[in-house]
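# Close look at the chain arrangement
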Amino acid sequence: MIDNMSVKIEESWRRVLEPEFEQEYFNKLISFVKAEYATHQVFPPGNLIFNAFDKTPFDQVKVVVIGQDPYHGYGQANGMAFSVQDGVTIPPSLRNIFKEIRDDVGYEIPKSGSLERWAVQGVLLLNATLTVRANSPGSHQKKGWEEFTDAAIQKLSQQKDGLVFLLWGAFAQKKGAIIDNRKHLVLTAAHPSPFAADKGFFGCRHFSKTNSYLKDHNQPEIVW
């Protein structure tokens, strides 16, 4: 599943993140995660923990969406923020994302909640915490995942130019402190959850703004 001697992660990300695998916090994190999978039901499935990285290699990243936890319900989490497996009911936050896309750029709400189609276009769907115990949101926070994903965000900010970071909600926006907004576009809005979407997520037009920025930087636009 996951081992600090041979973390199964896409090769360009491995080169960038290799120093993290040797850190003490990462060794403790791996021990914790292994024990959790051995004794509890944990999501996503072990082979999908690094799915966001695997689907969007470092050298192909154009847009970064930052989430918090994986979905904690059975069969939902697939290792990409806000995304669910094909055939799974679309969760409320994701449905609100699709509504904003419809109102912003005119795409109809899709039947599938899998966002793999975004990932292969260069949209990194990164949760701050990559695992969670079933039916227990936040259960794997502050165990080391945040340090690891912060390192990934910092590497993107430092080593690439002209990325778009979409920070929805207070948690994601705190990550803005480690992003260089002089060389990247950082867009912030309320979280798309039903509790907050009408406080600034609806009408944010992040999807058209992202594509305008990419076009201005001679990058292909995202087909949302």
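The paragraphs below set out a description of the structure included in this document. None of the values given here were measured: they were computed from a predicted structure.

This part is about the packing of helix α4 (residues 92–105) against helix α8 (residues 206–216). At a minimum axis separation of 8 Å, α4 and α8 run at an interaxial angle of 60 degrees. On the basis of the axis angle, α4 is oblique to α8. Contacts between α4 and α8 pair Ile 97, Glu 100, Ile 101, Asp 104 and Val 105 from the former with His 206, Phe 207 and Ser 208 from the latter. Its residues assigned to classes, the contact of α4 with α8 comprises four nonpolar, two polar and two charged.

Leaving glycine out, the prevailing phi sign among residues is negative, and the prevailing peptide bond configuration is trans. Residue Pro 44 is reached from Phe 43 by a cis peptide bond, and omega for that bond is -5 degrees. If you check the backbone angles, Asn 135 has positive phi at about 60 degrees while not being a glycine. Tracing the backbone through its elements, the reader meets Asn 135 in the loop between β4 (132–133) and α6 (145–159). Overall, Asn 135 belongs to the exposed group, its relative accessible area being 61%. The phi dihedral of Arg 205 falls on the positive side, at around 55 degrees, and the residue is not glycine. Its place among the elements puts Arg 205 in the loop between β6 (185–189) and α8. Look at Arg 205 and you get partly exposed, because its relative accessible area is 41%.

Helical geometry: 3.6 residues make up each α-helical turn, so side chains three or four residues apart lie on a common side. Taking 1.5 Å per residue as the helical rise, α4 with its 14 residues ought to reach 20 Å, and the 20 Å between its terminal C-alpha atoms agrees with that figure. The complete set of buried residues in α4 reads Ser 93, Leu 94, Asn 96, Ile 97, Phe 98, Glu 100, Ile 101 and Asp 104. Each element contacted by the buried residues of α4 is listed here: α5 (116–119), β5 (164–168) and α8. The positive-phi residue at the C-terminal boundary of α4 is Gly 106, with phi of around 90 degrees.

Here we come to the sheet that holds strand β3 (residues 123–127). One open sheet accounts for four strands, arranged β3-β2-β5-β6; its pairing is parallel. Edge positions in the sheet fall to β3 and β6, since each of these pairs with one other strand and no more. Each strand of the sheet is rotated relative to its neighbour by a mean of 20 degrees, with strand direction disregarded. Where strand β2 (residues 63–67) meets β5, four bridges bridge the pair, whose relative direction is parallel. The residue bridging Val 63 from the neighbouring strand is Val 164, located in β5. Sheet contacts for α6: β2, β3 and β5; angle to β3, the most-contacted strand, approximately 150 degrees.

Counting residues in hydrophobic clusters, the biggest one holds 71 residues, and the most contacted among them are Trp 13, Leu 17, Phe 53, Trp 118 and Phe 148. The residues touching Leu 17, leaving out its near neighbours within four places in the chain, are Ile 9, Phe 53, Phe 148, Ala 151 and Ala 152.

Right, let's talk about the packing of helix α1 (residues 11–21) against α6 for a bit. Relative to each other, α1 and α6 sit at 130 degrees, their axes nearing to 10 Å. Relative to α6, the element α1 lies oblique. The two elements α1 and α6 meet at a crossing, and its hand is right-handed. On α6, the residues that touch Trp 13, Val 16, Leu 17, Glu 20 and Phe 21 of α1 are Phe 148, Ala 151, Ala 152, Lys 155, Leu 156 and Gln 159. Across the contact of α1 with α6, the residue classes break down as eight nonpolar, one polar and two charged.

What follows covers the environment of Val 105. Secondary-structure assignment places Val 105 in helix α4. With 59 residues separating them in the primary sequence, Val 105 and Gly 46 have C-alpha atoms 35 Å apart. Those residues in contact with Val 105, other than ones at most four positions away along the chain, are Phe 207, Ser 208 and Trp 224.

Analysis parameters
- Residues numbered from 1 in each chain as written.
- Predicted model: local features only at pLDDT ≥ 70, side-chain atom pairs only at ≥ 80, totals over all residues.
- Heavy atoms only, no water.
- Axes fitted to C-alpha atoms, helices over the stretch in contact; angles between N-to-C directions.
- Helix = DSSP H or I, 4+ residues; strand = E, 2+ residues; numbered from the N terminus.
- Parallel < 35°, antiparallel > 145°, perpendicular 65-115°, else oblique.
- Contact = heavy atoms within 4.5 Å.
- Nonpolar A, V, L, I, M, F, W, Y, C, P; charged D, E, K, R; others polar.
- Buried < 20%, exposed > 50% of the residue type's maximum accessible area, 1.4 Å probe, protein only.
- Expected span 1.5 Å × (residues − 1).
- Pairing = 2+ DSSP bridges.
- Core = buried A, V, L, I, M, F, W, Y, C linked by side-chain atoms within 4.5 Å.
- Left-handed = near helix turned anticlockwise from the far one by under 90°.

All we've got here are geometric facts, nothing functional implied.
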